[in-house]
Amino acid sequence: MAKYLVTGAAGFIGRSIAAALLERGETVRGVDNFATGKRSNLVGLEGMEFVEGDLSDAAVCERVVAGVEIIFHEAALPSVPRSVEDPISTNTACVDATVQLLWAAKKAGVRRVVYAASSSAYGDTPTLPKHEGMLPAPISPYAVAKLSGELYMQSFWRVYGLETVCLRYFNVFGPYQDPTSFYSGVLAKFCTRMMAGETPTIFGDGSQSRDFTFIENTVRGNLLAAEAPAEKVAGRVMNMATGSRITLNDVVEELRGITGYAGEVIYGPERNGDIKHSLADIGLAKELLGYEPVVEFREGLGRTVEWYRETEQQG
Ligand code: UD1
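A separate point is the overall build of the chain. The helix and strand tally for the chain stands at 11 helices and 13 strands. For the chain, the C-alpha radius of gyration of 18 Å lies close to 20 Å, the compact-globule estimate for 315 residues. Viewed in the frame of its principal axes, the chain has a C-alpha envelope of about 55 × 40 × 35 Å. Burial statistics for the chain: of 315 residues in total, 53% are counted as buried. Across the chain, every contact between residues at least 6 apart in sequence was considered, and the portion connecting residues at least 24 apart equals 79%. Of the roughly 12,900 Å² that the chain leaves accessible, carbon and sulfur atoms contribute 50%.

Looking now at the packing of helix α4 (residues 87–108) against helix α5 (residues 141–160). It is at 9 Å that the axes of α4 and α5 come closest, and there the two elements cross at 15°. Classified by the angle between their axes, α4 and α5 sit roughly parallel to one another. Note that α4 runs across α5; the crossing there is right-handed. Residues P87, T90, C94, V95, T98, V99, L102, W103 and K106 of α4 touch α5, and the partners they reach there are P141, Y142, A145, K146, S148, G149, Y152, M153, F156 and Y160. A per-class count over the contact of α4 with α5 returns 13 nonpolar, four polar and two charged.

With that settled, the discussion passes to the domain arrangement of the chain. Splitting the chain by domain gives domain 1 (4–173 + 213–243 + 279–295) and domain 2 (186–208 + 244–275 + 302–314). For domain 1 versus domain 2, the distance between C-alpha centres works out to 26 Å. Taken together, the contact between domain 1 and domain 2 spans 15 residues of the former and 11 residues of the latter. Interface of domain 1 and domain 2: buried area, both sides summed, is about 1,100 Å²; carbon and sulfur atoms make up 59% of it. The interface formed by domain 1 and domain 2 contains one salt bridge. Residues E216 and R303 are paired through a salt bridge, measuring 2.2 Å at the closest nitrogen-oxygen approach. Joining domain 1 to domain 2, the criterion identifies two residue pairs in polar contact (both at pLDDT 80 or more). Looking at the side of domain 1 that touches domain 2 element by element, the count peaks at three residues for helix α3 (residues 80–85). The residue inventory of the side of domain 1 that touches domain 2, partitioned by class, reads nine nonpolar, three polar and three charged.

Core analysis: the biggest nonpolar cluster contains 66 residues, and F72, L167, M238 and L289 have the highest contact counts within it. Among the domains, domain 1 (4–173 + 213–243 + 279–295) and domain 2 (186–208 + 244–275 + 302–314) are the pair contributing at least three residues each to this core. Excluding residues that lie within four positions of it along the chain, L167 makes contacts with V114, Y115, A116, A117, G221, N222, A225, M238, M240 and L289. By size, the runner-up hydrophobic cluster in this structure holds 25 residues, among which are V31, L101, A105 and V110.

With that settled, consider the pattern of salt bridges. Working definition: two side chains of opposite charge can pair if their charged atoms are close together. Inspection of every chain in the model, using the stated rule, returns 19 salt bridges. Linking R112 and E163 is a salt bridge whose minimum nitrogen-to-oxygen distance equals 2.9 Å. Placement of the pair is R112 in strand β5 (residues 112–118) and E163 in strand β6 (residues 163–169), with a sequence separation of 51 residues. On the basis of relative accessible area, R112 is assigned to the buried category, the value being 1%. For R193, the salt bridge identified is with E198, shortest N-O distance 3.8 Å. We classify E198 as partly exposed; its relative accessible area is 31%.

This part takes up the site of the ligand. Residues in contact with the ligand amount to 23 residues; listed here are only the nearest, V186, F203, R210, R271 and D274. Within the contact set of the ligand, an oxygen atom lies 2.7 Å away from a backbone nitrogen or oxygen of V186. The protein chains hide 91% of the 750 Å² of surface that the ligand would expose on its own. Among the secondary structure elements, those contributing two or more residues to the shell around the ligand are α6 (186–195) and β8 (201–203). Taken together, the residues of the shell around the ligand sort by class into 10 nonpolar, nine polar and four charged. Three or more residues apiece are contributed to the shell around the ligand by two domains, here domain 1 (4–173 + 213–243 + 279–295) and domain 2 (186–208 + 244–275 + 302–314).

About the thresholds
Residues numbered from 1 in each chain as written. Predicted model: local features only at pLDDT ≥ 70, side-chain atom pairs only at ≥ 80, totals over all residues. Heavy atoms only, no water. Helix = DSSP H or I, 4+ residues; strand = E, 2+ residues; numbered from the N terminus. Rg over C-alpha atoms; globule rule 2.2 N^0.38 Å. Buried < 20%, exposed > 50% of the residue type's maximum accessible area, 1.4 Å probe, protein only. Contact = heavy atoms within 4.5 Å. Areas by Shrake-Rupley, 256 points an atom, 1.4 Å probe, with all protein chains shown as cover. Axes fitted to C-alpha atoms, helices over the stretch in contact; angles between N-to-C directions. Parallel < 35°, antiparallel > 145°, perpendicular 65-115°, else oblique. Left-handed = near helix turned anticlockwise from the far one by under 90°. Nonpolar A, V, L, I, M, F, W, Y, C, P; charged D, E, K, R; others polar. Domains from an automatic or database assignment. Buried area = accessible area lost by both parts, 1.4 Å probe. Salt bridge = Lys/Arg side-chain N within 4 Å of Asp/Glu carboxyl O. Polar contact = N/O pair within 3.5 Å; in protein donor to acceptor, adjacent residues only side chain to side chain. Core = buried A, V, L, I, M, F, W, Y, C linked by side-chain atoms within 4.5 Å. Near = heavy atom within 4 Å.

Okay, here's the thing in structure tokens:
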């Protein structure tokens, strides 16, 4: 019987959490509907019990939560522009599925749910760094959907006593992030394109900045959130990031150095629903979880390029 459930286990973040749990010798169940997750991401996770299914289906939720003590809820339909194109699918995958999962978890007596919340909740507020005391101001349907999930988490803690911890991820990147979709995260795209000598396109003038967070930091934060005492973390929302930011123009310069790309960069129109700057205050996660980022941006970027090179990924 699995102690941990990882939803979205065939996705980039889910598979990384599952791998870390297996490495610790834990019993793990994973679920994924392969909407954006990939079967190839399950290679190396043979020790995990895997269920293929969609969490918007109550029967799937009931099946996967059975006997579990802690859930890492990573399943979602990521991407701001995807949600602008198709808000209904984003809502189904991020909101409906989350409520179904929570309801099944509550009925099955699951103790804790650690939720992949998003920095997009802050919207385009000019104040930097973003801290959890700020009023949410989501812009895109994606941001609204992820924030709704947070509110459900808090409700289930308040109403049913299900321990929930929301980690607001800031632009996670690293090995296993899919570079092939139009909706892929910018670093997955830029790393693989520039490695292949192909021109990256920056949407806007490239002065936008992000608190890009290497996956190992995110995984570490999740494990800490699963272990922290309920008195400290249940019902809480906290940023999960590095506390530093870099502009896209500077990212491209870094990548020129790492990949040897000497070609041009195309500048296109700014993306609808985009936000300008994103930077986290990580003080709360430090205080409540004892979290510290362990891999800084440049090292993470180098390791990511190395991984794409070894696995011969094409953007
Ligand atoms: C947003 C959230 C992030 C969440 C992610 C899920 C914010 C600040 N961040 O990321 O927490 O995990 O959604 O998908 O809201 N870009 C280019 N060229 C490209 C692709 C992207 O210039 O080919 C630009 C985008 O316009 C944007 C930046 O790169 O300004 C980052 O884009 P992306 O990687 O899609 O992530 P966010 O939308 O910032």
